[in-house]
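# What the coordinates show
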Amino acid sequence: IIINPNNNYYDIEEKTVLNKLTAEQLGKIAATFVNKVKAEGYQTGIYSNKSNFETFLTDSQFSQWNKWVAQYNSLSCTYKGTYQIWQPIQEQSMG
């Protein structure tokens, strides 16, 4: 989980989890987090890398949440979906 006072992103990157669950199951897990955080009055979204968004995080629920896309070593973000934050380097902080 990535937390700052304005944005709380659920980090979904663990390959052992991604490989065992369906897109629908991942969507349900993410919905639990997103709904709880929103109920507390905070902005929220999902953090992962471009490949995971395209391969695993494909349930329709993911299209309704803010996305923070990590894609390193690229001059631009080539993720075709809607996203709010692109992270072009491995270390980044929101302040």
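Structure report, in brief. Fair warning: this is a prediction, and the values are worked out from it, not measured in the lab.

Before going further, it helps to examine the overall build of the protein chain. Check the secondary structure of the protein chain and you find three helices and five strands. Of the regular secondary structure in the protein chain, the N- to C-terminal order runs β-β-α-α-β-α-β-β. The burial tally for the protein chain puts 37% of its 95 residues in the buried class. Considering only contacts in the protein chain between residues 6 or more positions apart, those separated by 24 or more positions represent 46%. As displayed, the protein chain offers around 5,900 Å² of accessible surface, 49% of which is attributable to carbon and sulfur atoms.

Turning our attention to the pairing of strand 3 (residues 43-49). In terms of burial, strand 3 is largely enclosed, as five of its seven residues are buried. When strand 3 meets strand 4 (residues 66-70), the two strands line up parallel, connected through five bridges. Note that in strand 4 the partner of Ile 46 across the bridge is Lys 67. The handedness of the strand 3 to strand 4 crossover, carried by helix 3 (residues 50-55), is right-handed.

This part is about the nonpolar core. Among the nonpolar cores identified, the biggest contains 17 residues, and Ile 12, Ile 46, Leu 57, Phe 62 and Trp 65 are the most heavily contacted of them. For this core, the leading source of residues is helix 2 (residues 23-39), giving six residues. Discounting chain neighbours no more than four positions away, the residues touching Ile 12 are Leu 18, Ala 30, Ile 46, Tyr 47, Ser 48, Asn 52, Leu 57 and Phe 62. Core analysis: the second largest hydrophobic core is formed by five residues, Tyr 9, Tyr 47, Trp 68 and Ala 70 among them.

For the rest of this paragraph, the subject is the packing of aromatic side chains. Throughout the structure, instances matching the rule amount to six aromatic pairs. Summarising the aromatic geometry, the rings of Phe 53 and Tyr 79 are spaced 5.6 Å apart at their centres and angled 45 degrees between planes, so their arrangement reads as tilted. Here the residue Phe 53 occupies a position in helix 3, and Tyr 79 occupies one in the loop between strand 4 and strand 5 (85-87), the gap between them amounting to 26 residues. For Phe 53, a relative accessible area of 2% translates into the label buried. Residue classification places Tyr 79 among the buried residues on the basis of a relative accessible area of 12%. Among the aromatic residues, those joined into a ring-pair cluster are Tyr 9, Tyr 47 and Trp 68.

Below, the discussion takes up the side chain of Thr 44. Tracing the backbone through its elements, the reader meets Thr 44 in strand 3. What makes Thr 44 buried here is its relative accessible area of 5%. In terms of polar contacts, Thr 44 uses its side chain to reach the backbone carbonyl oxygen of Asn 8, at 2.7 Å. The residues touching Thr 44, leaving out its near neighbours within four places in the chain, are Asn 8, Phe 33, Val 34, Val 37, Lys 38 and Asn 66.

With that out of the way, let us pick up the pairing of strand 4. Of all the five residues making up strand 4, four are buried; the element is thus mostly covered by neighbouring parts of the structure. In the sheet, strand 4 pairs with strand 5 via three bridges, with the strands oriented parallel. Bridging from a neighbouring strand, Val 69 pairs with Trp 86 of strand 5.

Scoring rules and cut-offs
- Residues numbered from 1 in each chain as written.
- Predicted model: local features only at pLDDT ≥ 70, side-chain atom pairs only at ≥ 80, totals over all residues.
- Heavy atoms only, no water.
- Helix = DSSP H or I, 4+ residues; strand = E, 2+ residues; numbered from the N terminus.
- Buried < 20%, exposed > 50% of the residue type's maximum accessible area, 1.4 Å probe, protein only.
- Contact = heavy atoms within 4.5 Å.
- Areas by Shrake-Rupley, 256 points an atom, 1.4 Å probe, with all protein chains shown as cover.
- Pairing = 2+ DSSP bridges.
- Right-handed = clockwise from strand over helix to strand, strands pointing away.
- Core = buried A, V, L, I, M, F, W, Y, C linked by side-chain atoms within 4.5 Å.
- Phe/Tyr/Trp six-rings, centres within 6.5 Å; stacked < 30°, edge-to-face > 60°.
- Polar contact = N/O pair within 3.5 Å; in protein donor to acceptor, adjacent residues only side chain to side chain.

Remember that the coordinates give geometry; whether it matters functionally is a separate question.
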